[in-house]
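Now for the letters of each chain:
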Amino acid sequence: MDRRRATALAEGLFAVLVWGASFIATKVALVELSPVALVWARFAMGVAVLGIAVAARRQFALVRPRELAFFGLLGLIGIALHQWLQSNALVTSRASTSGWIVATTPVFMALLGRAVLGERLGATRVGGIALAAFGVLLVVSRGHLAALAEGRIGAPGDLLMVLSAPNWAVFSVLSRRALRAHPATRLMFYVMTLGWLCSTALYLANPGHGEFARLSPRGWAALAFLGVACSGLAYIAWYDALQRMPAAQAGALLYLEPLIAMGVAAGVLGEPIGAATIAGGAVILAGVWLVNRGPAAQSDVAVGPGEE
């Protein structure tokens with residue numbers, strides 16, 4: 001393996017490792033912070049990191065008002081709304097369960113391609129979608145499928161996490177057009193800045209502005225990890241990897257994210273790893289693999305995997 005490829009692989013693995021651990025860091029931070037304050041603070045840090053990267057790479061450029069409005073839409077969908085969904089979900093949802101649910105994002109991208117672009121799904125991809133959906137039911141019900149018939153679907157946050165997956169799929173599809181005209185770091189700087197401004201409005205409407213004064217060292221460490229590593233460095237590393245290796249190969253690394261989330265959640269939070277979680281996770285990965293190998297599968301990866 002040449003040095004360029006090895007560097008790309010290392011950066012891709014770094015991003016996936018960080019994003020996998022992000023669910024656990026969020027659970028830790030939410031013990032002391034409200035979801036609104038957490039989203040606002042972590043993306044303030046992320047904007048700063050991306051701003052430094054854009055300046056260091058001399059990629060900053062003014063954009064047309066029409067593009068700025070589009071970037072604002074992306075920020076609303078992919079930053080403000082997406083992170084609001086996930087942060088509120090993780091108040092009650094397990095970190096490991098969330099990781100598996102988010103792994104279904106390619107399934108929703110396939111469904112979006114069928115609904116919006118008229119892409120044919122084919123038998124393989126339809127089978128993959130059904131398989132992944134069954135895997136999610138196994139994970140959220142912790143193997144008690146009979147409970148679903150009674151209207152009991154895991155933790156309340158599981159539903160919000162399920163909603164975050166198609167939301168990220170919409171963000172990913174819309175982002176592809178912008179990535180053809182702008183370097184990824186510049187695009188994400190604009191999108192994250194505008195998304196952070198949207199979250200600022202929610203934060204200012206939140207009465208708990210004194211939360212940060214009471215934050216413990218453990219809380220600050222979790223918040224710094226989310227802001228600097230997850231919302232800043234991991235995005236830079238991921239897009240650097242995409243520029244040096246085929247998108248399909250980089251995308252394959254994302255299969256590791258829920259496994260990392262499950263392992264770290266067990267070690268840090270003490271979340272049990274039950275047989276149903278493992279079985280459901282395996283079914284989800286098998287379904288997503290079938291969706292990605294279908295004849296109409298997207299060959300490019302626009303953004304990250306819907307991480308928290």
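Along every chain, residues carry numbers that run from 1 in the direction the sequence is written. Reporting in this predicted model follows two pLDDT cut-offs: at least 70 for local features of residues, and 80 or more for side-chain atom pairs to be given and counted; totals over whole chains, interfaces and linings ignore these cut-offs and use all residues. Excluding hydrogens and water, the side-chain values take into account all heavy atoms of the structure.

Bringing the overall build of the protein chain into the picture now. In terms of regular secondary structure, the protein chain is built from 13 helices and 0 strands. Working definition: helices are DSSP H or I runs of at least four residues, strands are E runs of at least two. Numbering for both runs from the N terminus. Of the regular secondary structure in the protein chain, the N- to C-terminal order runs α-α-α-α-α-α-α-α-α-α-α-α-α. Only protein chains enter the accessibility calculation, which uses a 1.4 Å probe; a residue whose area is less than 20% of its type maximum is buried, one above 50% is exposed, and one in between is partly exposed. Out of the 308 residues belonging to the protein chain, those deemed buried represent 54%. Every residue pair with non-hydrogen atoms within 4.5 Å of one another is taken to be in contact. For the protein chain, long-range pairs separated by at least 24 residues make up 90% of all intrachain contacts whose partners lie at least 6 apart in sequence.

Let us now look at the packing of aromatic side chains. Ring pairs are drawn from Phe, Tyr and Trp, using the six-membered ring of Trp, whenever the two centres fall within 6.5 Å, and their geometry is named by plane angle: stacked under 30 degrees, edge-to-face over 60, tilted for the rest. Taken as a whole and assessed by the stated rule, the structure comprises 12 aromatic pairs. Pairing W40 with Y203 gives two aromatic rings, centres 4.3 Å apart and planes at 10°, and the pair type is stacked. Pair noted here: W40 is in helix α2 (residues 35-56) and Y203 is in helix α9 (residues 184-204), with a separation of 163 residues, a long-range link. Taking relative accessible area as the criterion, W40 reaches 22% and is therefore assigned partly exposed.

In this section: helix α12 (residues 256-269). Here a helix's expected span is defined as the number of its residues, less one, multiplied by 1.5 Å. Over its 14 residues, α12 runs 19 Å from end to end, which matches the ideal 20 Å to within 8%, given 1.5 Å per residue. Buried within α12 are the following residues: E257, P258, I260, A261, M262 and A265. As for α12, its buried residues are in contact with α1 (3-29), α4 (95-102) and α13 (275-293). Count one or two residues on from α12 and you reach G270, which has phi positive near 75°.

Residues qualify for a patch when their relative accessible area is over 30% and they have no salt bridge, like charges being joined within 9 Å and the nonpolar side chains of Val, Leu, Ile, Met, Phe, Trp and Tyr within 5 Å. The accessible surface values rely on the Shrake-Rupley method and a 1.4 Å probe; as for residues, cover is taken only from the protein chains in view. By salt bridge we mean one thing: a side-chain nitrogen of Lys or Arg within 4 Å of a carboxyl oxygen of Asp or Glu. Neither His nor the chain ends is counted toward charge; the positive residues are Lys and Arg and the negative residues Asp and Glu. One atom stands in for each charge, and that atom is NZ of Lys, CZ of Arg, CG of Asp or CD of Glu. A cluster of basic side chains, namely R64, R66, R177 and R180, defines a positive patch on the protein surface. Within the fold, R180 resides in the loop between α8 (156-179) and α9.

Let us now look at empty space enclosed by the protein. Take a probe with the size of a water molecule and roll it over the atoms, and the empty space left behind shows itself. A pocket here means an open set of points on a 1 Å grid, computed over the protein atoms alone, that has protein on both sides within 12 Å along at least five of seven lines. A cavity is instead a set of points where a 1.4 Å probe fits but cannot get out; residues with an atom within 4 Å of a point line either one. Grid points are joined across faces, edges and corners, and a volume is the space filled by probe spheres set on the points. One pass over the structure, following the stated rule, counts 1 cavity of 30 Å³ or more. In this structure, the largest cavity encloses a volume near 40 Å³. If you trace the largest cavity, you find it lined by V36, V39, A80, W84, S199 and L202. Three classes are used: nonpolar for Ala, Val, Leu, Ile, Met, Phe, Trp, Tyr, Cys and Pro, charged for Asp, Glu, Lys and Arg, and polar for all others, with Gly counted as polar. The residue makeup of the lining of the largest cavity, split by class, is 5 nonpolar, 1 polar and no charged.

This brings us to the pattern of salt bridges. Inspection of every chain in the model, using the stated rule, returns 1 salt bridge. Close ionic contact of R57 with D240 constitutes a salt bridge, the shortest N to O distance being 2.8 Å. Here R57, found in the loop between α2 and α3 (65-89), pairs with D240, found in helix α10 (residues 217-244); they are 183 residues apart in sequence, far enough to count as distant.

To continue, consider the side chain of D240. Look at D240 and you get buried, because its relative accessible area is 7%. Within 3.5 Å is the distance limit for a polar contact, defined as a pair of N or O atoms, with the added protein rule that one can donate a hydrogen and the other accept it, and that residues adjacent in sequence qualify only through two side-chain atoms. Polar side-chain contacts of D240 include one of 2.8 Å to the side chain of R57.

Angles here are taken between N-to-C directions and fall from 0 to 180 degrees, while the axes themselves are lines fitted to C-alpha atoms, restricted in helices to the stretch in contact. Where α4 contacts α12, the two axes come as close as 8 Å, and the packing angle between them is 175°. With respect to α12, the axis of α4 lies roughly antiparallel. Within the contact between the two elements, α4 uses A95, S96, G99 and W100 and α12 uses P258, L259, A261, M262, A265 and L269. For the contact of α4 with α12, a count of residues per class yields 8 nonpolar, 2 polar and no charged. What sets the label is the angle itself: under 35 degrees gives roughly parallel, over 145 gives roughly antiparallel, 65 to 115 gives roughly perpendicular, and the rest give oblique.

Before going further, it helps to spend a moment on unusual backbone geometry. Residue R58 is not a glycine yet carries a positive backbone phi of 55°. The residue R58 is located in the loop between α2 and α3 in this model.

Glancing now at the nonpolar core. Only buried residues count toward a nonpolar core. Its members are Ala, Val, Leu, Ile, Met, Phe, Trp, Tyr and Cys residues joined through side-chain atoms within 4.5 Å. Ranked by internal contacts, the top residues of the largest apolar core, which has 83 residues, are F71, M192, F212 and W238. The element that contributes the greatest number of residues to this core is α10, accounting for 12 residues.

Turning our attention to the confidence of the model for the protein chain. As a per-residue measure, pLDDT reflects the predictor's confidence and takes values from 0 up to 100. The share of residues in the protein chain with pLDDT of 70 or more is 90%, and the mean pLDDT across the chain is 86. Highest mean pLDDT in the protein chain belongs to α2 (95); lowest belongs to helix α7 (residues 145-149) (63). With pLDDT under 50 throughout, residues 298-302 is counted as low confidence; its partners more than four residues away or in other chains account for 15 contacts.

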